[in-house]
Amino acid sequence: CAGTLSPTDAAVAVPKPRWSVSHPILPVLYVASDGAKEGSVQPFGIDRDSVAWRKTGEVGVGGSGTTHLWLEAPSMTLLAANFGSGSTSSVAVNADGSLGALVSTVKATGSGPHRRQASPHSHGISVDPSGRYVLVSDLGADRVFVYGLDRATHALSPEEAAPSRAFVAPPGSGPRHTAFSRDGRYVYLLTESSADSVTLRWHAPAGRLAVVQSLPISSAGLQGSKSGSEVAVSRDGRFVYVANRAENELLVYRTDAATGELSLAQRTPSGGAQPWTFAIHPSGRWMLVANKQAGKVQLFRIDSETGRLTDTGQAVEAADPVSVTFANE
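Now for a look at the structure at hand.

Criteria and cut-off values
- Residues numbered from 1 in each chain as written.
- Predicted model: local features only at pLDDT ≥ 70, side-chain atom pairs only at ≥ 80, totals over all residues.
- Heavy atoms only, no water.
- Helix = DSSP H or I, 4+ residues; strand = E, 2+ residues; numbered from the N terminus.
- Rg over C-alpha atoms; globule rule 2.2 N^0.38 Å.
- Buried < 20%, exposed > 50% of the residue type's maximum accessible area, 1.4 Å probe, protein only.
- Contact = heavy atoms within 4.5 Å.
- Areas by Shrake-Rupley, 256 points an atom, 1.4 Å probe, with all protein chains shown as cover.
- Core = buried A, V, L, I, M, F, W, Y, C linked by side-chain atoms within 4.5 Å.
- Pairing = 2+ DSSP bridges.
- Axes fitted to C-alpha atoms, helices over the stretch in contact; angles between N-to-C directions.
- Polar contact = N/O pair within 3.5 Å; in protein donor to acceptor, adjacent residues only side chain to side chain.
- 1 Å grid on protein atoms, 1.4 Å probe; cavity = no way out; pocket = protein on both sides within 12 Å on 5 of 7 lines; lining within 4 Å.
- Points joined across faces, edges and corners; volume = space filled by probe spheres on them.
- Salt bridge = Lys/Arg side-chain N within 4 Å of Asp/Glu carboxyl O.

## What about the overall build of the protein?
Stage number 1. A count of helical and extended segments in the protein gives 0 helices and 26 strands.
Stage number 2. Relative to the globule expectation of 20 Å for 329 residues, the C-alpha radius of gyration of the protein, 19 Å, shows essentially globular dimensions.
Stage number 3. Each principal axis of the C-alpha atoms in the protein carries an extent, and together these give about 50 × 50 × 35 Å.
Stage number 4. Evaluated residue by residue, the protein yields a buried proportion of 53% over its 329 residues.
Stage number 5. Sequence separation of 24 or more characterises 46% of the internal contacts of the protein that already satisfy a separation of 6 or more.
Stage number 6. A total accessible area of about 14,000 Å² is found for the protein, and carbon and sulfur atoms account for 51% of it.

Rendered as C-alpha cells:
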C-alpha cells in the first residue's frame, strides 16, 4: 500500500447506513441499514476493475436501529447489534458470500440512570477467539452481555448462567464498543457516556469478565459532555487506539503484555470534527478516520515501532461518514 488516498465515482444509495464489514476472502461488503421498523443487512459485490458496487440481496435482522456488525469468519456468521430494540441477531453467510435467512435474535433487558438508558441499546459486538462467546456492549443497560454462539448452527443463545455472565459497568457509563487483545486474555471496553477506557480480564473457560484498569480518555479541562466512540487493537497487539469524539482527538495507548494495562503514549487531533470511528489497514501502517461532522475521512500514518499517529494531510470528502472498512477487491 502506497499510502495515498483519493476518491472514486463508485457510490450506491443505502437507507440510513450505519456500519459495514467485508468478507474475509471475497470482494463482498455487508452494510447495516437502520430501517424505520426493522433493520437489515445488504450485501454488495465489488467489481475489481471499476470498484462499482452491486447489491446482491437484503436480509432483515429482526430488530430496529441496526448499528453495528461483526463477521465471525470461522463459522461464517454475520452478527448484528440492533440499537433501537436492544437485541442482537445472527445470519448465516453462504459459501458464495450471499446471506442466508435470519437464524436467531436475542433480546437484552436492563436500563440505566440517564434519559438515553430507559431501555437496552445494543451498540457493539466482538467475538472471543474460541468462537464460543459473543460480547455485546449495551449502552442502555450499562452491561456487556456474554451470549453463546453455536458455530455449527450460527445460532446465538441467551445467558442461562447463574449468576449472570454479563459484566456490569458503572451506572450511566454507556458501554459502546469492545476489542480483544491479540492473545485473547484481555478485552478493552470503551464507554460512550463516561468516556472511559476499561481493561477487562477475559476468563475464557467460564466466559466472564473482570476489571483490571479504568482510565478516562477526556482531558482534565474538558467543558461539556464526554463522548467515546471507537476502540481497536493494533495488528501486533502492542497498542490500543481510542477515538475521543467530544474533543476531536485520537489516543494511543501502549499495552503491558503481562497485565493488559494501558499507558498513554499520544493524544493527537483527529483531523476533523466528531471522529465517529476508524479502521486500521491490514498492513498495520495506516489508519482511516471518519470525522462525521467534518464530512471527511482522514488518512494517518502509524509508526510500527512507537504506535504513534501522524496526520498525512490527505482526506476525502464524505457526507456524514460513520463507518470505514477496507474491503477485498
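## A few points about the nonpolar core
Stage number 1. Ranked by size, the top nonpolar core spans 16 residues in total, and within it Tyr30, Leu69, Leu78 and Leu99 carry the most contacts.
Stage number 2. Contributing elements (two or more residues each) for this core: strand 1 (17-22), strand 2 (28-33), strand 6 (66-72), strand 7 (77-82) and strand 8 (87-93).
Stage number 3. By residue number, the principal contributor to this core is strand 2, which donates 3 residues.

## Remarks on the sheet that holds strand 26 (residues 309-317)
Stage number 1. A sheet is described by the order of its strands in space; here 4 strands give the open sequence 23-24-25-26, paired in antiparallel fashion. Pairing within the sheet leaves two strands with one partner each, and these edge strands are strand 23 (275-280) and strand 26. In this sheet, neighbouring strand axes are inclined to one another by 25° on average, regardless of whether the strands run parallel or antiparallel.

## Overview of the pairing of strand 24 (residues 286-291)
Stage number 1. Among the 6 residues that make up strand 24, 6 are buried, leaving the element largely enclosed by the rest of the structure.
Stage number 2. Of the two faces of strand 24, the one holding Trp286, Leu288 and Ala290 and the one holding Met287, Val289 and Asn291 are both buried throughout.
Stage number 3. When strand 23 meets strand 24, the two strands line up antiparallel, connected through 5 bridges. When the bridges of strand 24 are listed, phenylalanine 278 appears paired with valine 289.
Stage number 4. Counting the residues between successive antiparallel strands, the hairpin from strand 23 to strand 24 contains 5 residues, one of them, glycine 284, with a positive phi of roughly 80°.
Stage number 5. Both strand 24 and strand 25 (residues 296-302) contribute to a ladder of 6 bridges, which runs antiparallel. Counted as the bridge partner of alanine 290 is valine 297 from strand 25.
Stage number 6. The turn linking strand 24 back onto strand 25 is made up of 4 residues, and glycine 295 within it adopts a positive phi angle of 70°.

## A few points about the side chain of glutamine 213
Stage number 1. Inspection of the secondary structure assignment puts glutamine 213 in strand 18 (residues 208-216).
Stage number 2. A polar contact is formed between the side chain of glutamine 213 and the backbone nitrogen of leucine 262, at a distance of 2.7 Å.
Stage number 3. Not counting residues within four places of it along the chain, the set of residues in contact with glutamine 213 comprises Ser197, Val198, Thr199, Glu261 and Leu262.

## Quick look at unusual backbone geometry
Stage number 1. Its identity is not glycine, yet methionine 76 carries a phi of approximately 50°, on the positive side.
Stage number 2. Among the secondary structure elements, methionine 76 is positioned in the loop between strand 6 and strand 7.
Stage number 3. The exposure class of methionine 76 is buried, given its relative accessible area of 17%.
Stage number 4. The phi torsion at asparagine 248 lies on the positive side, around 55°, for a residue other than glycine.
Stage number 5. Mapped onto the fold, asparagine 248 is located in the loop between strand 20 (239-244) and strand 21 (249-255).
Stage number 6. Here asparagine 248 falls in the partly exposed class, since its relative accessible area comes to 29%.

## A few points about the layout of surface pockets
Sizing a probe to match a water molecule and rolling it over the atoms shows the empty space that remains.
Stage number 1. What the second largest pocket holds in volume is close to 240 Å³.
Stage number 2. As for the second largest pocket, its lining consists of 14 residues, and the residues nearest its centre are Arg18, Thr67, His123, Arg176 and Trp276.
Stage number 3. When residues of the lining of the second largest pocket are traced back to their parent elements, those giving at least two are strand 1 and strand 15 (175-180).

## Looking at the sheet that holds strand 9 (residues 99-107)
Stage number 1. Within the open sheet, the 4 strands sit side by side as 6-7-8-9. Their pairing is antiparallel. Lying at the two open borders of the sheet, with one neighbouring strand each, are strand 6 and strand 9. Taken pair by pair, the neighbouring strands of this sheet meet at an average axis angle of 20°, ignoring direction.
Stage number 2. Where strand 6 lies against strand 7, 6 bridges are found, and the strand directions are antiparallel. Looking at the pairing, threonine 66 lines up with asparagine 82 of strand 7.

## A short note on the pattern of salt bridges
Between side chains of opposite charge, a pair can form when the charged atoms approach closely.
Stage number 1. Taken as a whole and judged by the stated rule, the model has 9 salt bridges.
Stage number 2. Residues aspartate 34 and arginine 18 are paired through a salt bridge, measuring 3.6 Å at the closest nitrogen-oxygen approach. Here aspartate 34, found in the loop between strand 2 and strand 3 (40-46), pairs with arginine 18, found in strand 1; they are 16 residues apart in sequence, far enough to count as distant.
Stage number 3. When its relative accessible area of 17% is taken as the criterion, aspartate 34 is described as buried.

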